[in-house]
Amino acid sequence: MNEAEADKCIAEYRALLKAWTMSMTGMNAGDPDAMHHKLDERQYVLAEIATAFPDKAYSVDLLVHARTRTWAGYEAERVPRSRGEKQKG
C-alpha cells in the first residue's frame, strides 16, 4: 500500500464513521449494525496504515477512538427513533 492508498482508506473510514454516526442518531437512514460491522472489518487496515506510515498514526488513533469511546455507551442505550425525524429546537 502506498501513501495515496492509505489516505484513501482513511478518508473512506472517516466517511463510513460519519454515516454510521448519522444513522445511529436517526438523522439518516441506514443500518447502523451493518455499518458497525464494516467499521470493525476495516479497523485492521487502519492499524496497518499506522504501522506503515507513522505520520498517519495520530489520524488513525482519532478515528478508532472516536468510534469506541464516543458511541460505545450510546449504542447499547439508544432510544429507537424514526428515520428522518429532525430534532426541534
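Quick note: structure is the one above.
Rules of the game
Residues numbered from 1 in each chain as written. Predicted model: local features only at pLDDT ≥ 70, side-chain atom pairs only at ≥ 80, totals over all residues. Heavy atoms only, no water. Helix = DSSP H or I, 4+ residues; strand = E, 2+ residues; numbered from the N terminus. Polar contact = N/O pair within 3.5 Å; in protein donor to acceptor, adjacent residues only side chain to side chain. Contact = heavy atoms within 4.5 Å. Expected span 1.5 Å × (residues − 1). Buried < 20%, exposed > 50% of the residue type's maximum accessible area, 1.4 Å probe, protein only. Arc of directions from axis to C-beta.

With that settled, consider the side chain of K56. Following the sequence through the fold, K56 ends up in the loop between α2 (32–52) and α3 (57–70). Only 3.2 Å separates the side chain of K56 from the side chain of E3, close enough to count as a polar contact. If we ignore the near neighbours within four places in the chain, the residues touching K56 are E3, A6, D7, I10 and I49.

Between the first and last C-alpha of helix α1 (residues 3–24) there are 31 Å, a value that for 22 residues agrees with the 32 Å anticipated at 1.5 Å per step. Within α1, burial applies to A6, I10, Y13, L16, L17, W20, S23 and M24. For α1, the angular spread of buried residues about the axis comes to 150 degrees, placing them on one side. Looking at α1, the residues exposed on the side facing more than 90 degrees away from the buried face are A4, K8 and K18. At the N-terminal boundary of α1, the capping side chain belongs to N2, with an oxygen 3.1 Å from the backbone nitrogen of A4. Among the residues trailing α1, G26 stands out with phi positive, at a value near 85 degrees.

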